[in-house]
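Listed here are the chains, written in short residue letters.
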Amino acid sequence: MELLEMKWTDVAVLSKETPIVIPVAALEQHGRHMPLFTDSLLLGEVLNRVKPAVGERVLFAPLQWLGNSEHHLDFPGTMTASPRVYLDLLRDMVENFVFHDFRRIVLLNGHGGNIVPMQQAMFELRQKYRKRFDLLLLSATYWTLGGKPWESNASLTQRQMGHACEFETSMMLRIRPELVGDLSHVEAVDWGNAFSPAQRAWITKDRTETGHIGDPRFASAEKGETLFQVFSADVVTLLERVIAWDGVEWDA
Ligand SMILES: [Zn+2]
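Before going into details, it helps to say that this report is about the structure given with it. (Residues numbered from 1 in each chain as written. Predicted model: local features only at pLDDT ≥ 70, side-chain atom pairs only at ≥ 80, totals over all residues. Heavy atoms only, no water.)

1. Brief notes about the overall build of the protein chain
Test applied: Secondary structure elements follow DSSP: runs of H or I no shorter than four residues count as helices, runs of E no shorter than two count as strands, and numbering proceeds from the N terminus. Computation of the radius of gyration draws on C-alpha atoms alone. For the globule rule, the value is 2.2 Å times the number of residues to the power 0.38. Burial classification: accessible surface area is computed with a 1.4 Å probe over protein chains only, and a residue below 20% of its type maximum counts as buried, one above 50% as exposed, and the rest as partly exposed. Note on definitions: a residue-residue contact is assigned when non-hydrogen atoms from the two residues lie within 4.5 Å. To measure how exposed things are, a 1.4 Å probe is used in the Shrake-Rupley method; for residues, cover is taken only from the protein chains shown.
Each helix and strand in the protein chain was counted, giving 7 helices and 4 strands. Its C-alpha atoms give the protein chain a radius of gyration of 19 Å, within 12% of the compact-globule value 18 Å for 252 residues. Along the three orthogonal principal directions, the C-alpha set of the protein chain runs to about 55 × 35 × 35 Å. Buried residues in the protein chain amount to 49% of all 252 residues. A separation of at least 24 residues holds for 75% of the contacts in the protein chain among residues at least 6 apart in sequence. Total accessible area computed for the protein chain in this model is approximately 12700 Å², and 55% of it derives from carbon and sulfur atoms.

Below you can see the structure in the form of structure tokens.
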């Protein structure tokens, strides 16, 4: 079900156990070869594949494209909420549904910079509603749900998501190849260790001059299809767990 196509009277009669999915992504630089709307377009395609599988059992809010992208601001065209505003934006979107008495709410994310804020926003909401034990507040990023796409397609060289990388460029080649620029002069940009396992704070210019991280040279539409299939199946599996939750247990 699509929230933006419904009347308030339709929403009023829904079961309050209906899972709500709020997709969140970004509009930010994606290297010299990929469009600014990459994260939102890719999450949109994941959603296109997930929605038929869950049918009328899940309510989808429209995709929120303004994300936490301040680390990319040095690259023209990037748009961002400031980090604290973004926390409040996520909190408000989730809390709107809590106010409407829904209990199973999932932030479904398609941008790395949103991971920490969405977890923090859900953490703060759980503290606020600490007397309630019927709320399921989940945040999930579509490429971190356990799928190993390289086991389905051995030609994939990366083992993690980068930025405008083999993964993202392949997926864009699959859905909007006309938006992918010339790859003939693109070079690999290594992740580096960045004091791992500590977490080093960064802006994108610390790590890459072009704006991408990873190796887009190996991208192909065929790999993109594999990535969409694996990641979409992971999201469906997660939503089936949310649907099947008994409303009480910690586990599912
Ligand atoms: Zn991206």
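2. What to know about the coordination of the zinc ion
Spelled out, the test is: Here the term donor refers to an N, O or S atom within 2.8 Å of the metal (or 3.2 Å for Na, K and Ca), and because water is left out of the atoms, sites may appear incomplete. Any coordination sphere not matching a tetrahedral pattern (four donors, all angles between 85 and 135 degrees) or a square planar or octahedral pattern (four or six donors, opposite donors over 155 degrees apart, other angles between 65 and 115) is reported as irregular.
For the zinc ion, the protein coordination sphere consists of H30 (NE2), D39 (OD), E168 (OE) and E168 (OE), at 1.8 to 2.7 Å. Geometry at the zinc ion is irregular, judged from its 4 donor atoms and the angles of 53 to 135° they form at the metal. Taken in sequence order, the residues that donate to the zinc ion follow the motif H-x8-D-x128-E. Of the two residues, H30 sits in the loop between strand 1 (20–24) and helix 2 (38–54) while E168 sits in helix 6 (residues 166–175), which places them 138 residues apart along the sequence.

3. Structural notes on the sheet that holds strand 2 (residues 59–60)
To keep it simple, the criterion reads: A pair of strands is considered paired only if DSSP assigns at least 2 bridges between the two. To define axes, lines are fitted to C-alpha atoms, for helices over the stretch in contact only, and angles between the resulting N-to-C directions are given on a 0 to 180 degree scale.
A sheet is described by the order of its strands in space; here 4 strands give the open sequence 2-1-3-4, paired in parallel fashion. Because the sheet does not close on itself, it has two edges, and the strands there are strand 2 and strand 4 (136–141). The strands touched by helix 3 (residues 83–99) within the sheet are strand 1, strand 3 (104–109) and strand 4, with strand 1 carrying the most contacts at an inclination of about 160°. Running over the sheet, helix 7 (residues 221–244) touches strand 1, strand 2, strand 3 and strand 4 and is turned about 170° from strand 3.

4. Brief notes about the side chain of S170
Note the threshold: What qualifies as a polar contact is a pair of N or O atoms within 3.5 Å, subject to a donor-acceptor requirement within protein and to the restriction that residues adjacent in sequence count only when both atoms come from side chains.
Structurally, S170 is set in helix 6. A residue is classified by how much of its surface remains accessible, and S170, at 0% relative accessible area, is buried. Within the structure, the side chain of S170 is placed 2.6 Å from the backbone oxygen of E166, a separation counted as a polar contact.

5. Let's talk about the packing of aromatic side chains
Under the convention used in this document: Each aromatic pair joins two rings of Phe, Tyr and Trp (for Trp, the six-membered one) with centres within 6.5 Å, and gets the label stacked for planes under 30 degrees apart, edge-to-face for over 60, and tilted for any other angle. Placement of a charge over a ring requires the Lys NZ or Arg CZ to be within 6 Å of the ring centre, with the centre-to-atom vector within 35 degrees of the ring normal.
Under the definition given, this model contains 4 aromatic pairs. Consider the rings of Y142 and W143, whose centres lie 5.1 Å apart with planes at 90°: the pair is edge-to-face. Members of the aromatic cluster, joined through ring pairs, are Y142, W143, F167 and F231. The positively charged end of R126 is found above the aromatic ring belonging to F133, 5.3 Å away from the centroid.

6. Some details on helix 6
In an α-helix there are 3.6 residues to a turn, and that puts residues three or four apart on one side. Of all 10 residues in helix 6, 8 are buried, a share of seventy percent or more. Those residues of helix 6 that fall on the buried side of the exposure criterion are E166, F167, E168, T169, S170, M171, M172 and L173. Its buried side turned inward, helix 6 meets helix 2, helix 5 (149–152) and helix 7.

7. A look at the pairing of strand 3
Judged by how many residues are buried, strand 3 sits mostly within the fold: 6 of 6 residues are covered. Burial of strand 3 is two-sided: the residues R104, V106 and L108 facing one way and the residues I105, L107 and N109 facing the other way are all buried. In this sheet, strand 3 lies alongside strand 1 in parallel orientation, the contact comprising 5 bridges. Paired with I22 across the bridge in strand 3 is L107. Note: strand 3 against strand 4, 6 bridges, orientation parallel.

8. Regarding the packing of helix 2 against helix 7
Condition: Small angles under 35 degrees read as roughly parallel and large ones over 145 as roughly antiparallel, with 65 to 115 read as roughly perpendicular and the rest as oblique. Left-handed is the label given to a crossing in which the near helix is rotated counterclockwise from the far helix by less than a right angle, and right-handed is the label when the rotation is clockwise.
In the contact formed by helix 2 and helix 7, the axes pass within 9 Å of each other and the chain directions differ by 50°. Between helix 2 and helix 7, the angle falls in the class oblique. Here the hand of the crossing between helix 2 and helix 7 comes out right-handed. In this structure, helix 2 contributes L42, E45, V46, R49, V50, A53 and V54 to the contact, and helix 7 contributes E225, F228, Q229, S232, V235, V236, L239 and E240.

9. So, the packing of helix 2 against helix 6
How we decide: Each residue gets one label: Ala, Val, Leu, Ile, Met, Phe, Trp, Tyr, Cys and Pro are nonpolar, Asp, Glu, Lys and Arg are charged, and the others, such as Gly, are polar.
Viewed as axis vectors pointing N to C, helix 2 and helix 6 meet at an angle of 65°, and their least axial separation amounts to 10 Å. The crossing of helix 2 and helix 6 is left-handed. Along the contact surface, helix 2 presents T38, D39, L41, L42, E45 and R49, while helix 6 presents E168, M171, M172, R174 and I175. Considered class by class, the residues forming the contact of helix 2 with helix 6 number 5 nonpolar, 1 polar and 5 charged.

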